[in-house]
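Observations on the three-dimensional arrangement
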Amino acid sequence: MSNKHNVLSVFIDIEKAYDMVKKEVLLSTLLSYGISGRMFYFIRSFLSIRTFQVRIGSTLSMTKRLENGTPQGSVLSPILFSLMINDPQSESPLMLPCTQMTFASENMALI
């Protein structure tokens, strides 16, 4: 690095982060990006009234409702999560003059 700039890289385990996304905050973030109309309503519907059941052997649990999080295994979930953590309305927690890029998927994160 001949121009003597500093580089900082931080790796964070975000294994449970998808489960902790608050739907209202995510929808507000989408609006701040200018996502509205049909796309916004599609994503809102995609996140609404999600339920799950657990099967152990032949026994199936009662249906429970997911209050937070994005659906696991969905192609859309990593995109929504990346938009959430790159919210243009939020500021860097370190408040340093830097270029920041953040990307996250279920397997890795690049910040």
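Each value, and the rule that gives it
Every chain's residues receive numbers from 1 upward, in the order its sequence appears when written. For a predicted model such as this one, the threshold for reporting local features is a pLDDT of at least 70, and the threshold for listing and counting side-chain atom pairs is 80 or more; totals across whole chains, interfaces and linings nevertheless cover every residue. Working from all heavy atoms in the structure, the side-chain values ignore hydrogens and water. Helix numbering and strand numbering both begin at the N terminus, where a helix is a DSSP run of H or I of at least 4 residues and a strand a DSSP run of E of at least 2. The buried label goes to any residue with under 20% of its type's maximum accessible area, the exposed label to any with over 50%, and the partly exposed label to all in between, with areas taken from a 1.4 Å probe on protein chains only. The pLDDT value expresses, per residue, how confident the predictor is, ranging between 0 and 100. Residue contacts are counted whenever heavy atoms from the two residues lie within 4.5 Å of one another. In these notes, a set of buried Ala, Val, Leu, Ile, Met, Phe, Trp, Tyr and Cys residues joined through side-chain atoms within 4.5 Å is what counts as a nonpolar core. For Phe, Tyr and Trp, rings pair up if their centres lie within 6.5 Å, where Trp contributes its six-membered ring, and each pair is then called stacked (planes under 30 degrees apart), edge-to-face (over 60) or tilted (otherwise). Simply put, an axis is a line fit to the C-alpha atoms, just over the touching stretch for a helix, and the angle between two N-to-C directions goes from 0 to 180 degrees. The scheme is simple: roughly parallel for angles under 35 degrees, roughly antiparallel for over 145, roughly perpendicular for 65 to 115, oblique for anything else. For this classification, Asp, Glu, Lys and Arg are treated as charged, while Ala, Val, Leu, Ile, Met, Phe, Trp, Tyr, Cys and Pro are nonpolar and the rest, including Gly, are polar. Counting rule for charge: Lys and Arg are taken as positive, Asp and Glu as negative, and neither His nor the chain ends is counted. The salt bridge definition used is simple: a Lys or Arg side-chain nitrogen within 4 Å of an Asp or Glu carboxyl oxygen. Counted as a polar contact is a pair of N or O atoms within 3.5 Å, where, for protein atoms, one must be capable of donating a hydrogen and the other of accepting one, and residues adjacent in sequence contribute only when both atoms are in side chains. An arc is given here, and it is the one of the directions from the helix axis to the C-beta atoms.

Phi is positive for Ile49, close to 45°, though the residue is something other than glycine. The residue Ile49 is located in the loop between helix H3 (37-47) and strand S1 (50-52) in this model. Relative accessible area serves as the criterion here: at 63%, Ile49 is assigned to the exposed category.

Per-chain confidence: the protein averages 76 in pLDDT, with 73% of residues scoring 70 or above. Low pLDDT, under 50, characterises residues 91-98; the predicted model gives this stretch 2 contacts beyond four residues in sequence or across chains.

Nonpolar side chains tend toward joint burial in soluble globular proteins. Ranked by size, the top nonpolar core spans 12 residues in total: Tyr18, Val21, Leu26, Leu27, Leu30, Phe40, Ile43, Phe46, Leu47, Leu80, Phe81 and Met84. If you list the elements that add at least two residues to this core, you get helix H2 (23-32), H3 and helix H4 (76-85). Broken down by element, this core gets its largest block of residues, 4 residues, from H3.

The full count for this structure, using the stated rule, is 2 aromatic pairs. Relative to Tyr41, the ring of Phe40 has its centre 5.9 Å away and its plane inclined at 75°; by these criteria the two rings are edge-to-face. Tyr41 gets classed as partly exposed once you look at its relative accessible area, which sits at 49%. Consider the rings of Phe42 and Phe46, whose centres lie 6.4 Å apart with planes at 15°: the pair is stacked.

On to the packing of H3 against H4, then. Each packed pair of helices is defined by two parameters, the angle between the axes and the distance between the axes. Two elements in contact, H3 and H4, have axes whose closest approach is 12 Å; the angle formed by their N-to-C orientations is 110°. On the basis of the axis angle, H3 is roughly perpendicular to H4. Counting all contacts with H3, which are made through Phe42, Ile43, Phe46 and Leu47, the residues of H4 involved are Leu76, Ser77 and Leu80. Classifying every residue of the contact of H3 with H4 by side-chain character gives 6 nonpolar, 1 polar and no charged.

To continue, consider the side chain of Lys23. Structurally, Lys23 can be placed in helix H2. Despite its burial, Lys23 pairs with no opposite charge; the closest candidate is Glu67, at 6.2 Å N-O. Within polar-contact distance, the side chain of Lys23 engages the backbone oxygen of Leu66 at 3.1 Å. Contact partners of Lys23, with chain neighbours within four places excluded, come to Leu47, Arg50, Leu66, Glu67, Asn68 and Gly69.

Now for the packing of H2 against H4. The interhelical angle for the contact between H2 and H4, taken along N-to-C directions, is 75°, at an axis separation of 9 Å. Here H2 lies roughly perpendicular to H4, going by the angle between them. Residues Val25, Leu26, Thr29 and Leu30 of H2 pack against Leu80, Leu83 and Met84 of H4. Of the residues belonging to the contact of H2 with H4, the class tally is 6 nonpolar, 1 polar and no charged.

Every buried residue of H2 is listed here: Lys23, Leu26, Leu27, Thr29 and Leu30. Buried positions in H2, seen along its axis, are confined to an arc of 155° and lie on one side of it. Here the buried face of H2 lies against H3, S1, strand S4 (64-66) and H4. With its phi angle positive at about 90°, Gly34 sits one or two positions after the end of H2.

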